[in-house]
Amino acid sequence: QVQLVESGGGLAQAGGSLRLSCAASGRTFSNSAMGWFRQAPGKEREFVAGIDWSGYNTAYADSVKDRFTISRDNAKNTVYLQMNSLKPEDTGVYSCAASRRSGVIPTPALYDYWGQGTQVTVSS
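Below or above, wherever it landed, is the structure these notes cover.

## Details of the pairing of strand E4 (residues 33-39)
The buried fraction of E4 is high, at six of seven residues. Two elements, E4 and strand E9 (residues 92-99), share seven bridges in a ladder whose sense is antiparallel. The residue of E9 that forms the bridge with Arg 38 is Tyr 94. Bridge count between E4 and strand E5 (residues 46-51): five bridges; the pairing is antiparallel.

Below you can see the structure in the form of structure tokens.
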């Protein structure tokens, strides 16, 4: 079993930055692919960014490419999402997820564990 706890959400102005953290406990974190997803009101959950077990391979949704950066610190069992140049359309509940697989995974159904989520609101 893996427990995931997100933090770092909040209110930001358009053009601003936020850094999300996801602390993991339980199963061996360093072997797990990790991902960030978001869900806006009335919309489906969407992939934001993913990272493989090593941290060397990453993937991003087109809408956040060149603005967001995913990273991980396996010694601290934590994955991060640095969000820069925020836009109002980035508003949503951001959740981190862990997979028993080790490669980069953009598909929500292939993740096994989910955090509760943290709210990000970007004002114009």
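## Comments concerning the pairing of strand E7 (residues 68-73)
On E7, burial follows the alternation: Phe 68, Ile 70 and Arg 72 on one face are buried, whereas Thr 69, Ser 71 and Asp 73 on the facing-out side are not. The pairing of E7 with strand E8 (residues 78-83) spans six bridges and is classified as antiparallel. Looking at the pairing, Thr 69 lines up with Gln 82 of E8. Between the antiparallel neighbours E7 and E8 lie four residues, among them Asn 77 with a positive phi of about 55 degrees.

## Structural notes on the state of the cysteines
In total, this model carries one disulfide according to the counting rule given. Here Cys 22 connects covalently by a disulfide to Cys 96, the sulfurs 1.9 Å from one another. The sign of the 45 degrees torsion about the S-S bond sets the Cys 22-Cys 96 disulfide as right-handed. Taken together, the positions of Cys 22 in strand E3 (residues 18-26) and Cys 96 in strand E9 put the pair 74 residues apart, joining distant regions of the chain. Side by side, Cys 22 and Cys 96 carry an identical accessibility label, which is buried.

The rules behind each value
Residues numbered from 1 in each chain as written. Predicted model: local features only at pLDDT ≥ 70, side-chain atom pairs only at ≥ 80, totals over all residues. Heavy atoms only, no water. Buried < 20%, exposed > 50% of the residue type's maximum accessible area, 1.4 Å probe, protein only. Helix = DSSP H or I, 4+ residues; strand = E, 2+ residues; numbered from the N terminus. Pairing = 2+ DSSP bridges. Disulfide = S-S within 2.5 Å.

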